[in-house]
Structures are given as structure tokens and as C-alpha cells.
Amino acid sequence: MDINEATSKAQKYTEDMLSFFGLNTVVEATHDEEVISLSIPSTHLNGFLIGSRAETLHAFQNMVITYLKAAGYEFARVNLDIAHYKQQRQERLVEQAKEWIKELKDNGGSRSLHPMNAADRRIIHQLASEYGLETESVGEGRDRHIVLKASGVGEG
């Protein structure tokens, strides 16, 4: 099954789900080789659709994934964003991570970060690697977090 077809199905399903809430809006749908990206524009229901700690957004995203799997599509990686919430959150996370990295490069040592979801941990691992720091994911489930380690950076 083709990712173009899966993307179209995911877009239609998302638009149909939004219509249950009285939102008749066009969902932007794109894809690369691995991930289908769906972007819901800003509406008066942003807060409702995103939910507390983005739990509703993630549930909505999981519904799209489940729908695609049930329809026989193998593309399980779906990124659904509402009013650029995830994009803005990611930008804030990167800025915060740069502060943590600078602190460790200046002072050495290590720092345990707060628990994060897999997507956020992936961002931190990648950014820390770019700056020459070591990272380790520790813990299980909702308590899983990253430990940043200076690994000799800034010594000498």
C-alpha cells in the first residue's frame, strides 16, 4: 500500500472526525518516506482539541494511527499537530535544552531532566549529540527521562 494513499485516507479521516465537533476545516496533509504529517489549522476549539498536557491531541493522533492500521496501511508513524502547538512546544524545548547544554559545557557534570515523551527525548538526544554531550534514557513508562552528561566537555 502506498504512502500517498495512506496520507489521503488519514487526511479524510481527520477531517471527518473534526466534523463531529462542528469543524468543517481542511487539514493539511504531507508525508516523507516514514511519517505522515497532519496539520489542523487554528480554530476556536484549539484548547479542546489539544487538551490538558496535549492528551487529547495525542489521543486523536493515536485514533488516526489505529484507523490506518485497521485499514491495512503499514505506515504507523503519524504526526498530528493542532494550530502549530507541537512545533511551538518543540521550539521552546530546544531553547531550554540549549541552556542546559551550555550549563553542562561550562560547569561539567551531569543533569537529570524531567520525564518526557519519546518525541521530546529524541529531540534532546539529537541536540545534545550535535553539541558533543552524552545522553542516557533512564526509567520506565511515564517516568522515563534523560540524563545529560558533559563527558569531559569544557575541561582543560
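Computed from a prediction, not measured in an experiment: that's the story for all the values here. (Residues numbered from 1 in each chain as written. Predicted model: local features only at pLDDT ≥ 70, side-chain atom pairs only at ≥ 80, totals over all residues. Heavy atoms only, no water.)

Undergrad: Break down the pattern of salt bridges for me, citing the residues and quoting the values.
TA: For the structure on display, the rule yields 7 salt bridges. With a shortest N-O distance of 2.9 Å, Lys12 and Asp16 are connected by a salt bridge. Of this pair, Lys12 and Asp16 both sit in helix H1 (residues 3-19), 4 residues apart, which is roughly one turn of that helix. With a relative accessible area of 33%, Asp16 lands in the partly exposed category. (Salt bridge = Lys/Arg side-chain N within 4 Å of Asp/Glu carboxyl O. Helix = DSSP H or I, 4+ residues; strand = E, 2+ residues; numbered from the N terminus. Buried < 20%, exposed > 50% of the residue type's maximum accessible area, 1.4 Å probe, protein only.)

Undergrad: Quick rundown of the sheet that holds strand E1 (residues 28-31)? Include the residues and the values.
TA: Taken together, the 3 strands give an open sheet; going across it, the order is E1-E2-E3, and neighbouring strands pair in mixed fashion. Each edge of the open sheet carries a strand with a single partner, namely E1 and strand E3 (78-82). On average, adjacent strands in this sheet sit at an angle of 15° to one another, irrespective of strand direction. In this structure, strand E2 (residues 36-40) lies alongside E3, joined through 5 bridges in parallel fashion. Note on E3: the bridge partner recorded for Ser37 is Asn79. Sheet strands touched by H1: E1, E2 and E3. Its angle to E2, the strand with the most contacts, is close to 25°. (Pairing = 2+ DSSP bridges. Axes fitted to C-alpha atoms, helices over the stretch in contact; angles between N-to-C directions. Contact = heavy atoms within 4.5 Å.)

Undergrad: Report on the sheet that holds strand E4 (residues 110-112), specifying residues and quantitative values.
TA: If you walk across this open sheet you meet the 3 strands as E4-E6-E5, and the pairing is antiparallel. Two strands in the sheet have a free side with no partner beyond their single neighbour: E4 and strand E5 (134-138). Across the sheet, the mean angle separating the axes of adjacent strands is 20° when strand polarity is ignored. Pairing between E4 and strand E6 (residues 145-149): 3 bridges, direction antiparallel. Looking across to E6, one finds that Ser110 is bridged to Lys149. Helix H4 (residues 85-107) contacts E4 and E6 of the sheet and is inclined by roughly 150° relative to E4.

Undergrad: Pulling in residues and values, what's your account of the nonpolar core?
TA: Counting residues in hydrophobic clusters, the biggest one holds 25 residues, and the most contacted among them are Ile36, Leu38, Phe60, Val64, Leu68, Leu80 and Ile82. Listing elements by their share of this core, those giving two or more residues are H1, E2, helix H2 (46-50), helix H3 (55-70) and E3. The biggest single contributor to this core is H1, with 6 residues. Leaving out residues up to four positions away in the same chain, Val64 has contacts with Ala10, Tyr13, Thr14, Leu38, Val78 and Leu80. Among the nonpolar cores identified, the runner-up in size contains 16 residues, and Ile101, Leu104, Leu113 and Leu133 belong to it. (Core = buried A, V, L, I, M, F, W, Y, C linked by side-chain atoms within 4.5 Å.)

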